[in-house]
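Architecture and fold: a report
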Amino acid sequence: IRPHSLLLSAAVLLVLACNSTKWVPPGERLLVHNSITVEPQGSLTVDELEPIVKQKPNKRVLGRALYLDFYNLRDPGKVARKRARKDSLCEVRNLEIRLKDSAKVRVCDDSLRGRSGEAPVLLDTSLVQRTVEQLRNFAFKEGWFAAQVSDTIRVVRRRWPFGGWSDVPYKKPKANVQYVVRAGRPWTICTLDHRVDDPALGAFLREDSANSLLKPGDRFDGDVVDAERARITKELKILGYLYFTKDMVIFDADTSVGDHEVDLVLRLERP
């Protein structure tokens, strides 16, 4: 195939599939874009929050939802009916083959096979709410205990390339979702203590305190707390507590001690 033929074919494909909302059902909207804004900047990063978003728009290639364009080339209803008809004929042929005592029957699964391209991603408000909850939970785990998360569904175009939102509404049923995370100030570790009724375990914690991953003045971080639990469990197993598990390492947090400070108390359950 000549290069100019490929370019012509691609151009024809884009013209035929230029209506990205061609098969969007009435009353639904095509999800075009998600945006995340974090206030203040430098608290949580957009890169660590983006994977939490539960619903992603159609994949884009060079700025174009190319897989959606492929999907839009054919009527999904006609495709489903054609595949169902093929499966029905396949079952009839299989019945004839079985009557001849032959084991050469086919698997009739055309209706179950995926279509070429990618179906339009329709805005799901329940997934938007789940995303808001998960963003809030993540911020809490990272030490921003009072973080607030809000969402706004916008049916206007984005400004490009400067960002922000215009006053021009979409002519097609499309939508963008904006998430705003107001993190505020994080909580920091004020003190770290331990309460253990086993003398041997208490002695171990006192001697091991210099190796702790949790330091006064550091931001409270759930991942670091979990890593500290794993580290203590590993050290205790080396000392001979073979049945000790990470679930036996418990941290109690008291956030009422000061201004955005938290006191941590470490407890070890008896193995």
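Definitions and limits used
- Residues numbered from 1 in each chain as written.
- Predicted model: local features only at pLDDT ≥ 70, side-chain atom pairs only at ≥ 80, totals over all residues.
- Heavy atoms only, no water.
- Pairing = 2+ DSSP bridges.
- Helix = DSSP H or I, 4+ residues; strand = E, 2+ residues; numbered from the N terminus.
- Axes fitted to C-alpha atoms, helices over the stretch in contact; angles between N-to-C directions.
- Contact = heavy atoms within 4.5 Å.
- Core = buried A, V, L, I, M, F, W, Y, C linked by side-chain atoms within 4.5 Å.
- Buried < 20%, exposed > 50% of the residue type's maximum accessible area, 1.4 Å probe, protein only.
- Expected span 1.5 Å × (residues − 1).
- Polar contact = N/O pair within 3.5 Å; in protein donor to acceptor, adjacent residues only side chain to side chain.
- Phe/Tyr/Trp six-rings, centres within 6.5 Å; stacked < 30°, edge-to-face > 60°.
- Lys NZ or Arg CZ within 6 Å of the ring centre and 35° of its normal.

Glancing now at the sheet that holds strand 8 (residues 261-268). The three strands are arranged 6-8-7 in an open sheet whose pairing can be described as mixed. A single partner strand is all that each edge strand has here, and the edge strands are strand 6 (188-194) and strand 7 (249-258). The mean inter-strand angle of the sheet, taken between neighbouring strand axes irrespective of direction, is 25°. One ladder, built from seven bridges, connects strand 7 with strand 8; its direction is antiparallel. Looking across to strand 8, one finds that D254 is bridged to D263. The sheet strands contacting helix 7 (residues 222-238) are strand 7 and strand 8, and the helix crosses strand 7 at an angle near 140°.

Omega for the bond connecting E39 with P40 falls within 30 degrees of zero, at -5°, which places this linkage in the cis form. Looking at the secondary structure, you find P40 in the loop between strand 1 (30-39) and helix 2 (46-49). In this model, H260 sits at a positive phi of 55°, which is unusual for a non-glycine residue. The topology assignment puts H260 in the loop between strand 7 and strand 8.

This part covers the sheet that holds strand 5 (residues 174-182). Through backbone hydrogen bonds, the strands of a sheet pair up, either in parallel or in antiparallel fashion. Reading across the sheet, the three strands line up as 1-5-2 and stay open at both edges, with mixed pairing between neighbours. Each edge of the sheet is formed by a strand with only one pairing partner; in this case those strands are strand 1 and strand 2 (148-154). The sheet shows a mean angle of 15° between the axes of neighbouring strands, direction not considered. Pairing between strand 2 and strand 5: seven bridges, direction antiparallel. Looking at strand 5, one finds that D151 is bridged to Y179. In the packing of helix 5 (residues 125-141) onto the sheet, the strands contacted are strand 2 and strand 5, and the crossing angle to strand 2 comes to about 155°.

Bringing the nonpolar core into the picture now. Within the largest apolar cluster, 22 residues are counted, with the highest numbers of intra-cluster contacts made by L44, L49, L135, Y179 and V181. Those elements that provide at least two residues to this core are strand 1, helix 5 and strand 5. Looking at which element gives the most residues to this core, the answer is helix 5, with five residues. In this structure, Y179 is in contact with N34, S35, I36, T37, V53, V128, T131, V132, L135, S150 and D151, ignoring residues within four places of it in sequence. Core analysis: the next-biggest nonpolar cluster, separate from the first, contains 19 residues, F145, L205, L236 and V262 among them.

The subject of this paragraph is helix 7. Helix length check: helix 7, at 17 residues, gives a terminal C-alpha distance of 25 Å against a target of 24 Å (1.5 Å per residue), a fit within 8%. Restricting attention to buried positions, one finds in helix 7 the residues G222, V225, E228, R229, R231, I232, T233 and L236. Against the buried residues of helix 7 lie helix 5, helix 6 (199-208), strand 7 and strand 8. Its side-chain oxygen 2.9 Å from the backbone nitrogen of D223, D221 forms the N-cap of helix 7. Directly after helix 7, the chain includes G240, whose backbone phi takes a positive value near 115°.

Applying the stated rule across the entire model yields three aromatic pairs. Here the aromatic rings of F140 and F145 are separated by 4.6 Å at their centres, their planes lie at 40°, and the arrangement is tilted. In this structure F140 comes out as partly exposed when scored by relative accessible area, which is 46%. Taken together, the aromatic side chains of F140, F145, W187 and F220 make up a single cluster linked through ring pairs. The ring of Y67 carries K59 above its face, with NZ or CZ at 5.2 Å from the centroid.

Take the pairing of strand 5 next. Counting buried positions along strand 5 yields eight of nine residues, so the element is predominantly enclosed. When strand 1 meets strand 5, the two strands line up parallel, connected through nine bridges. Counted as the bridge partner of L31 is A175 from strand 5.

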